[in-house]
2 protein chains.
Amino acid sequence: MNAEIITIGDEILIGQIVDTNSAWMATELNAIGIKIAQITSISDNPEHLAEALDNARKRASIILMTGGLGPTKDDRTKDVLTSYFHSKLVLHQPTLDQIQAMFSARGLKNIQLNADQAMVPECCTVLSNPVGTAPGMWFEEEGVIFISMPGVPFEMKQLMNDEVLPRLKLLSSTERIVHRTIQTIGIPESFLAKQLEDWEDALPEYIHLAYLPSPGLIRLRLSAFGEDEQVLETEINNQVEKLNKIIPEAIFGYGEVSISEVVGELLKSKKSLVAIAESCTGGMISHEITSVPGSSEWFKGAVVAYSNEIKEKLLGVSSKTLVEHGAVSEQVVLQMAEGVCKIMSTEYGIATSGVAGPGGGTIEKPVGMVWIAVAGPTMTIAKVYNFANNRERNIIRASLTALDMLRLMLKK
Amino acid sequence: MNAEIITIGDEILIGQIVDTNSAWMATELNAIGIKIAQITSISDNPEHLAEALDNARKRASIILMTGGLGPTKDDRTKDVLTSYFHSKLVLHQPTLDQIQAMFSARGLKNIQLNADQAMVPECCTVLSNPVGTAPGMWFEEEGVIFISMPGVPFEMKQLMNDEVLPRLKLLSSTERIVHRTIQTIGIPESFLAKQLEDWEDALPEYIHLAYLPSPGLIRLRLSAFGEDEQVLETEINNQVEKLNKIIPEAIFGYGEVSISEVVGELLKSKKSLVAIAESCTGGMISHEITSVPGSSEWFKGAVVAYSNEIKEKLLGVSSKTLVEHGAVSEQVVLQMAEGVCKIMSTEYGIATSGVAGPGGGTIEKPVGMVWIAVAGPTMTIAKVYNFANNRERNIIRASLTALDMLRLMLKK
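Below or above, wherever it landed, is the structure these notes cover. Just so it is clear, the structure is predicted and the values come from calculations on it, not from any experiment.

1. Remarks on the sheet that holds strand β7 (residues 136-141) of chain B
Strand pairing in a sheet takes place through backbone hydrogen bonds and is either antiparallel or parallel in direction.
At step 1: A sheet is described by the order of its strands in space; here 12 strands give the open sequence β6(A)-β7(A)-β8(A)-β3(A)-β1(A)-β2(A)-β2(B)-β1(B)-β3(B)-β8(B)-β7(B)-β6(B), paired in mixed fashion. Unpaired on one side and paired on the other, β6 (125-127) of chain A together with β6 (125-127) of chain B mark the two borders of the sheet. Sheet twist, expressed as the mean angle between neighbouring strand axes with direction ignored, is 20 degrees.
At step 2: Pairing of strand β3 (residues 62-66) of chain B with strand β8 (residues 144-149) of chain B involves five bridges; the strand directions are parallel. Each residue of the ladder has a partner; that of B:Ile63, found in β8(B), is B:Phe146.
At step 3: Seen against the sheet, helix α7 (residues 153-169) of chain A touches β3 (62-66), β6, β7 (136-141) and β8 (144-149) of chain A and runs at an angle of roughly 165 degrees to β8(A).

2. A closer look at the sheet that holds strand β9 (residues 176-185) of chain B
Residue and element names in this part refer to chain B.
At step 1: Strands sit in the order β10-β11-β9-β12 across an open sheet of four strands; the sheet is antiparallel. Every interior strand has two partners, whereas the edge strands, β10 (207-214) and β12 (251-254), have only one. Adjacent strand axes in the sheet meet at a mean angle of 25 degrees, parallel and antiparallel pairs treated alike.
At step 2: Alignment of β10 against strand β11 (residues 217-226), held across eight bridges, turns out to be antiparallel. Following the sheet pairing, alanine 210 is matched in β11 by arginine 221.
At step 3: This element, helix α8 (residues 189-201), spans β9, β10 and β11 of the sheet and lies at about 170 degrees to β10.

3. Some words on the packing of aromatic side chains
Each aromatic ring pair is described using two quantities: the centre-to-centre distance and the angle formed by the ring planes.
At step 1: Enumeration over the complete set of coordinates arrives at 12 aromatic pairs over all chains.
At step 2: Centre to centre, the rings of B:Tyr385 and B:Phe387 are 5.5 Å apart; their planes meet at 5 degrees, and the pair counts as stacked. Considered together, B:Tyr385 and B:Phe387 belong to a single accessibility category, that of buried residues.
At step 3: Here the guanidinium or amino end of A:Arg167 rests over the ring plane of A:Trp138, the centre of that ring lying 5.8 Å away.
At step 4: Taking NZ or CZ as reference, B:Arg393 lies 3.7 Å from the ring centre of A:Phe154, over its face.

4. Description of the interface of chain B and chain A
At step 1: Contact residues are listed per partner, giving 89 residues for chain B and 89 residues for chain A.
At step 2: Of all residues in chain B, the largest losses of buried area upon contact with chain A belong to B:Ile14, B:Gln16 and B:Tyr306, amounting jointly to 9% of the total for that side.
At step 3: Among the ionic pairs, B:Lys300 bridges to A:Glu309, the shortest N-O distance being 2.9 Å.
At step 4: Taken together, the links from chain B to chain A amount to 19 residue pairs in polar contact (both at pLDDT 80 or more).
At step 5: Looking at the side of chain B that touches chain A element by element, the count peaks at eight residues for α8(B).
At step 6: Across the side of chain B that touches chain A, the residue classes tally to 39 nonpolar, 29 polar and 21 charged.
At step 7: Across five bridges, strand β14 (residues 299-305) of chain A lies against strand β14 (residues 299-305) of chain B in antiparallel orientation. Its bridge partner lying in β14(B), A:Gly301 is registered against B:Ala305.

5. Notes on unusual backbone geometry
Residues and elements named next belong to chain A.
At step 1: Between glycine 357 and the following residue, proline 358, the backbone shows a cis peptide bond with an omega angle of 0 degrees.
At step 2: Following the sequence through the fold, proline 358 ends up in the loop between β15 (348-354) and β16 (369-375).
At step 3: In the Ramachandran plot, histidine 86 falls in the positive-phi region, its phi being about 50 degrees despite a non-glycine side chain.
At step 4: Checked against the element boundaries, histidine 86 lands in the loop between α4 (77-84) and β4 (89-91).
At step 5: On the accessibility criterion, histidine 86 (73% relative accessible area) is exposed.
At step 6: Residues other than glycine seldom take positive phi values, yet lysine 271 does so here, at roughly 50 degrees.
At step 7: When you line up the elements, lysine 271 lands in the loop between α10 (259-269) and β13 (274-278).
At step 8: Given the relative accessible area of 74%, lysine 271 is considered exposed.

The rules behind these values
Residues numbered from 1 in each chain as written. Chains lettered and ligands numbered in written order. Predicted model: local features only at pLDDT ≥ 70, side-chain atom pairs only at ≥ 80, totals over all residues. Heavy atoms only, no water. Pairing = 2+ DSSP bridges. Helix = DSSP H or I, 4+ residues; strand = E, 2+ residues; numbered from the N terminus. Axes fitted to C-alpha atoms, helices over the stretch in contact; angles between N-to-C directions. Contact = heavy atoms within 4.5 Å. Phe/Tyr/Trp six-rings, centres within 6.5 Å; stacked < 30°, edge-to-face > 60°. Buried < 20%, exposed > 50% of the residue type's maximum accessible area, 1.4 Å probe, protein only. Lys NZ or Arg CZ within 6 Å of the ring centre and 35° of its normal. Buried area = accessible area lost by both parts, 1.4 Å probe. Salt bridge = Lys/Arg side-chain N within 4 Å of Asp/Glu carboxyl O. Polar contact = N/O pair within 3.5 Å; in protein donor to acceptor, adjacent residues only side chain to side chain. Nonpolar A, V, L, I, M, F, W, Y, C, P; charged D, E, K, R; others polar.

What follows is the structure, given as structure tokens:
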């Protein structure tokens, strides 16, 4: 079964928001065997939406729309759908009750703009939205399903999970898609492709490989298409096993797992704790770690040492070392990693010091040069990297690389 | 002049990457008076691309494509374009030279996969890509311009800035669009809409207002359409001035400025430094701050205190207070904020302590409850918030709110 996604809102076409909804929806729909044929972003203009619906219904049997349902005047999706399906707006009392309950729980008064949100086209099935004021709407016409949801990501996600996906699951066809995502770190894309060439060439025709690079990481995605899910699963497992023999160190996990989660599991299995001393990564490693629920079980804390004074005073880096070698040096990161273990009483420590850019580079220490150290119970190691990217990417790559160095130490 | 963007790659339709390129391109194109009529995401399938090009050229005079130019087998855009324009692949020597130079600078050998990147359709104008192996390609046919660029965001951006935008600027029509983005914080969307209702109703017809909410922030975007840029600028300035009188505290900046940048400018003007003590925000405030180039001028460092032991030992929070009031309490954040100022010798300090979730909530201290304190030279204040969202959004909203509390203190 084919679906199309239409995102509605001038804000996407004008570039002021990034469409993260479509990627999430596509993943969820794929998982139940629904392929996305096209994603289209259009403006809030009423004629444009009607035209897009006319086009999409020729190609797909399910059309999912997001956006244009807010309480403000620039949101017009509901009016367009009401006239597109020759219907009229009526009050939906359960929605009104829920909006009023939501506002009084927050100690706020329900203003008219929000009450208007409870008006819905008479011909639609209302999909309850417990986390926002705009309900979802489900229409069917001539064998095509049209679903309208708010554009606010967490509202859309809740509606998809609670209302839309369970209904679509009942309809979906016999074609199955099995995906497996393999997370890799440490090998650049063209080198990875070279290493995997023979394996890739030998993949069965019904299995497709995609490289999904992002700063510091490359995800490999295997997609198998066929009728028997069990057969697809088995063959994908075989292929992943082969892959694991080619690049055993580079694979850190499967699916949407993050490197922080993998590090966390390893630390928990060793009943050990980690502490971080961050200079150029500026809190990013700690943020990556604390994005994982329950990370307080294995993460004790961090010092972001954005000045030499803090490196000395809090982390115990010697002022002589700082003067002789500079903050971006092997000697300093070694002392930072060991220092943070000591002050936080942890078995493991990570430290970074580098030139994130855009300023601060020299010939000896150019922008993108980062020293990373990892301290463990038996040794402390340090490595230098030259990421040579912009500030944002240098920070991300240094953070992920540091976590990967800890992962490799924990695995030994 | 109308443009359309086509992003190519199964990875977008399958939901494994988010399309950030289109938003960036749309912003840049808008700024030179080119409106985006539609953004379409399609698969790597050759027929699908040819069909999308056939459709787009009916509606737009400029078609920008991203993706499908990598060195790996799943990338097929170049072959499709070669046959779409009835051309053939030829070697482009400057591209080959540049690829070889790039690889030898990194101490790597240029493998065949990368050398193949220097083969281009004979009929295109090659757009040099100094930061990657895939050059951009510019085609013209029957008055329509077709531009193909890599999907890797930083490569696409460099090509747009250096090659594409300067060329398109010369072609663009007389219709001008002037946008102004106003960044607000602290007022929920429906309440903001209510407060702005009269002002919005009185806007001239050629000025359009959009609300762009994201966790913790709402951006307002005014767009003025017309022929005389100066007239549009003047009227937009008038409207922003009126707006500023309605919500003076909530506006923290204009354009793509972040709240960290605003806080940084205020601290620099006072020649003051800030330090952060983060519990539930786990490094996010430090990361927001250190994302700003040059932030070491006004940010000294942070302690991420993810355990009570660190709060006591490093930040000097009294163990009695921790036992009596718990880590998520007014008393503890006040001590954390003052403690971090003291150990880092800064004039200003921020502290957070809360329940990020999903675990750890109680009836008295539910998920989403966050205490935030800001310490300054003359006083320390603390406030409690109930964000009641998921972990990710609680962390973001607490971080932005903490920075905003500091901003308001600095402005007084």
